[in-house]
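Read off the chains here:
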Amino acid sequence: MDIPAALRHPLIHQQRFLVTEMIFQLGEISTPIRIRCYREAGSERVTCEQNYYLQTPLQAEPSFESSDDHASTDEAIAAITDEMVTQYQHAEAAGYRPDEGWLLPNRDFD
């Protein structure tokens, strides 16, 4: 996607365009999880942000998608959701009941 003239000023950085936004629920957790994917202007690079991160009782830290550079929105969404599903299932297998408290809000998501 071309960068509009208004965004080509040297002081304007990190231009990106919204490609998709999706909302889903994870297992028995009723809180909606929202993912937004963006394409960097002048690039095929896809980055995403999410409103919640998952941290089950088995995790020392919440699950963060480690790569912020994907070839497609499908690849980006799969990386995020696959990690959430894996951690959720590990906690269930260890005997933990899914809980809303497993979701940590992303303070930078607006």
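Conventions used here
- Every residue gets a number counted from 1 within its own chain, in the order that chain's sequence is written.
- Reporting of local features is limited, given that this is a predicted model, to residues whose pLDDT is at least 70; pairs of side-chain atoms are given and counted only at 80 or more, and all residues count toward the totals for whole chains, interfaces and linings.
- Side-chain metrics in this entry use all non-hydrogen atoms of the structure; hydrogen atoms and water are not considered.
- By the criteria applied, helices consist of DSSP H or I runs no shorter than four residues and strands consist of E runs no shorter than two, each listed in order from the N terminus.
- For every residue, the accessible area (1.4 Å probe, protein chains only) is compared with the maximum for its type, and the residue is labelled buried under 20%, exposed over 50%, or partly exposed between those bounds.
- Residue contacts are defined here by distance: any two heavy atoms, one from each residue, within 4.5 Å place the two residues in contact.
- In short, Shrake-Rupley with a 1.4 Å probe defines the accessible areas, and a residue's cover is counted only from the protein chains shown.
- Note that His is not counted, nor are the chain ends; the positive residues are Lys and Arg, and the negative ones are Asp and Glu.
- In plain terms, the charge of a residue is placed at NZ if it is Lys, CZ if Arg, CG if Asp and CD if Glu.
- Whenever two N or O atoms come within 3.5 Å, that pair is a polar contact, provided that in protein one can donate a hydrogen and the other can accept it, and provided that, for residues adjacent in sequence, both atoms are side-chain atoms.
- Here, strands pair whenever DSSP counts at least two bridges between them.
- For helices, the axis comes from a line fit to the C-alpha atoms of the stretch in contact; other axes are also lines fit to C-alpha atoms, and the angle between any two N-to-C directions lies between 0 and 180 degrees.
- Expected span, for any helix, means 1.5 Å times one less than how many residues it has.
- Comment: arc refers to directions from the helix axis out to C-beta atoms.

When helices and strands are tallied, the protein chain shows one helix and five strands. In the protein chain, the succession of helices and strands from N to C terminus is β-β-β-β-α-β. The C-alpha extent of the protein chain, read off along each of the three principal axes, is 55 × 25 × 25 Å. When burial is assessed residue by residue, the protein chain has 35% of its 110 residues classed as buried. The contacts in the protein chain between residues at least 6 apart in sequence include a share of 53% that link residues at least 24 apart. When the accessible surface of the protein chain is summed, it comes to about 7,000 Å², and 48% of that surface belongs to carbon and sulfur atoms. Separation of charge centres in the protein chain, based on 8 positive and 19 negative side chains, amounts to 7 Å.

Further remarks concern the side chain of Arg36. Locating Arg36 in the fold gives a position in strand E2 (residues 29–40). Owing to a relative accessible area of 12%, Arg36 belongs among the buried residues under this scheme. For Arg36, the contacting residues outside a window of four places in its chain are Leu18, Thr20, Glu21, Thr47, Cys48, Glu49, Phe109 and Asp110.

With that settled, consider the environment of Arg36. Considered as a pair, Arg36 and Gln59 are 23 residues apart in the sequence and their alpha carbons are 24 Å apart. Of note is the side chain of Arg36, whose polar atom sits 3.4 Å from the side chain of Glu21.

Looking now at the sheet that holds strand E3 (residues 46–50). Spatial ordering of the open sheet is given by E1-E2-E3, a layout of three strands whose pairing is antiparallel. Where the open sheet ends on each side, the last strands, each with one partner, are strand E1 (16–26) and E3. Between one strand axis and the next, the sheet turns by 20° as a mean value, whatever way the strands run. Pairing between E2 and E3: five bridges, direction antiparallel. Its bridge partner lying in E3, Cys37 is registered against Cys48.

With that settled, the discussion passes to the pairing of E2. As paired elements, E1 and E2 share nine bridges and run antiparallel to each other. Within E2, the position partnered with Thr20 by the bridge is Cys37. Taking the residues that link successive antiparallel strands as the turn, the E1-E2 hairpin has two residues, and the phi of Gly27 there is positive, at about 55°.

Attention now goes to helix H1 (residues 73–93). Relative to the 30 Å expected for 21 residues at 1.5 Å per residue, H1 spans 30 Å between its end C-alpha atoms, a close match to the ideal helical length. Taken together, the buried positions of H1 are Thr73, Ala76, Ile77, Ile80, Thr81, Met84, Gln87, Tyr88 and Ala91. The arc enclosing the buried residues of H1, seen along the axis, measures out at 125°, which places them on a common side. Exposed residues on H1 whose side chains face more than 90 degrees from its buried face are Asp74 and Ala93. Where H1 is buried, its residues contact E1, E2, E3 and strand E4 (52–54). Where H1 ends, the next residue or the one after it, Gly95, has phi of about 100°, a positive value.

Function cannot be read off these values alone, since they describe shape.
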